[in-house]
Amino acid sequence: MSLAPSVAVPRTTFNTLPLYIALFCLLWSFAFVAGKIGVTDCPPLILLAARFSLAGILILGISALRREEWNLSWRDAAVFAVLGVANNALYLGLGYTGLKTVSAGLGGLIVSANPVFIAMLAALFLGEALTWRKVTGLMLGMAGVAFIVWHRMTVGTDDWHGILFTLASLASIVAGTILFKVLAPKGSLWIGNGIQNIAGGLAVMPFAFTLSSVSDIVPSTRLLGAFAFLVLGGSILAYLLWFHLLKVCGATAASAYHFLMPPLGMLFAFLVLGEHVEFRDLLGIVPVALGIYLVTRPAVTTSDNKRSAA
């Protein structure tokens, strides 16, 4: 009796991308709450200068201890330094200044609109298609954010100066995202993130000690906890995940996950800070959610239609 040859059954690999996306969304949305706690007891620019500097030192220090190969060219290192100014110094510097007079929930909501503008700029600079469906989604996203911002200003919940700083923060993260895709730095994202943090800290430091005073810091346990989360969870892990998603998913798709931040940010702000959330605020999330669906839904090609018909 002959035996049939054994057939090797391929092992199914576990897709870690959904876990990375979920972790990134949780870390990024909670960072607004941690930032709100931090700026309550510490001047925002001093908080950021310390956060970036410590994160950069930790990343590059760990790399040196592990004797990791420095595989970045001078050009790549310069690109990450430029990203540090855009993604760290400007984005968070302006955003944290806005958090002094803007709620954590609204701050997270405004910044979460970045997929709208990134998709628009990606069509211009990255050659990504901008279909009528994407245009409709962009308009819905902007309308939803505008509705909530208008309502907050009408009832006097948030200061318009803080809203302007937050909008400028939004412009910075959009610019940083497009720059990352256009300049496309090679090499280790881990070391690149360290350079980015060092560059952000150096850019913020002169303004931090010129416009604010160390005597304004109110030492507290909550400040220490917020600072630890912002360094480890925000500047190190969240940004590492963000760069990874940009490489794997592309600019438009990766940035679209920011639309998930408003409900998470408002939930964390309600649970941790006790911030008031009205039903009208939640209504504004509906067009934003519909917008992300239209922007990120893959187009159905002719070959797809033929396969479906078959």
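Everything numeric here is computed off the predicted structure, so don't read it as measured data.

Cut-off values and rules
Per chain, the residues get numbers from 1 upward, laid out in the order the sequence is written. In keeping with the model being predicted, local features are shown solely for residues with a pLDDT of at least 70 and side-chain atom pairs are shown and tallied solely at 80 or more, while totals for entire chains, interfaces and linings include all residues. Excluded from the side-chain calculations are hydrogens and water; all other atoms, namely the structure's heavy atoms, are used. Secondary structure elements follow DSSP: runs of H or I no shorter than four residues count as helices, runs of E no shorter than two count as strands, and numbering proceeds from the N terminus. Each residue is assigned to one of three classes by its accessible area relative to the maximum for its type, calculated with a 1.4 Å probe on protein chains only: buried under 20%, partly exposed between the two thresholds, exposed over 50%. By the convention used here, residues are in contact when the closest approach between their heavy atoms is within 4.5 Å. In short, Shrake-Rupley with a 1.4 Å probe defines the accessible areas, and a residue's cover is counted only from the protein chains shown. Any carboxyl oxygen of Asp or Glu that lies within 4 Å of a side-chain nitrogen of Lys or Arg is treated as forming a salt bridge with it. A helix is expected to span 1.5 Å for every residue after the first. By definition, a residue's bend is the angle between the axes fitted to the seven residues ending there and the seven starting there. Side-chain atoms alone can form a polar contact between residues adjacent in sequence; in general such a contact is a pair of N or O atoms within 3.5 Å, and within protein one must be able to donate a hydrogen while the other accepts it. The pairing test for Phe, Tyr and Trp rings, Trp by its six-membered ring, is centres within 6.5 Å, and the orientation test on the planes gives stacked under 30 degrees, edge-to-face over 60, and tilted for anything in between.

(A) How the structure looks around the overall build of the chain. Along the chain, the regular secondary structure elements total 13 helices and zero strands. In the chain, buried positions account for 47% of the 310 residues. A fraction of 92% describes how many contacts in the chain between residues 6 or more apart in sequence connect residues 24 or more apart. Accessible surface, the chain as shown: approximately 15300 Å² in total, 72% of it carbon and sulfur.

(B) Representation of the environment of Leu-83 within the structure. Considering the arrangement of structural elements, one finds Leu-83 in helix 3 (residues 74–99). C-alpha of Leu-83 to C-alpha of Gly-176: the two residues are 93 residues apart in sequence and 5.8 Å apart in space. Ignoring anything within four residues of it in the chain, the contact list for Leu-83 reads Asn-88, Gly-176, Leu-179, Phe-180 and Gln-196.

(C) Local environment of the pattern of salt bridges. Taken as a whole and judged by the stated rule, the model has three salt bridges. Arg-66 is the salt-bridge partner of Glu-68, the closest N and O atoms lying 3.3 Å from each other. Owing to a relative accessible area of 27%, Glu-68 belongs among the partly exposed residues under this scheme. Between Asp-76 and Arg-75 there is a salt bridge, and its shortest N-O distance comes to 3.4 Å. When its relative accessible area of 6% is taken as the criterion, Asp-76 is described as buried.

(D) Seen up close, helix 8 (residues 189–211). The end-to-end C-alpha distance of helix 8 is 32 Å, a good match for the 33 Å that 23 residues give at a rise of 1.5 Å each. At Val-204, helix 8 shows its largest kink, close to 35 degrees, and the proline Pro-206 lies no more than four residues downstream. Residue Ser-188 occupies the N-cap position of helix 8, its side-chain oxygen lying 3.2 Å from the main-chain nitrogen of Trp-190.

(E) Examining the packing of aromatic side chains more closely. This structure, assessed with the given rule, holds 10 aromatic pairs. Ring geometry for Phe-24 versus Trp-28: centroids 5.1 Å apart, planes at 45 degrees, classification tilted. Taken together, the residues Phe-24 and Trp-28, both in helix 1 (residues 17–41) and four residues apart, mark about one turn of the helix. Looking at Phe-24, the relative accessible area reads 0%, which means it is buried.

(F) Molecular detail of helix 5 (residues 114–125). The first and last C-alpha atoms of helix 5 sit 16 Å apart over 12 residues, in line with the 16 Å expected at 1.5 Å per residue. Within helix 5, burial applies to Asn-114, Pro-115, Val-116, Ile-118, Ala-119 and Ala-122. Residue Gly-127 follows helix 5 closely and has a positive phi angle near 75 degrees.

(G) Structural context of unusual backbone geometry. For Arg-67, which is not glycine, the phi dihedral falls at a positive 55 degrees. Its place among the elements puts Arg-67 in the loop between helix 2 (44–65) and helix 3. Arg-67 gets classed as exposed once you look at its relative accessible area, which sits at 78%. Phi is positive for Ala-184, which is not a glycine, with a value near 45 degrees. Positionally, Ala-184 belongs in the loop between helix 7 (160–183) and helix 8.

(H) Quick peek at the side chain of Asn-193. Mapping Asn-193 onto the fold places it in helix 8. When near neighbours in sequence (up to four residues on either side) are disregarded, Asn-193 contacts Ile-59, Ser-235, Ile-236, Tyr-239, Leu-240 and Phe-243.

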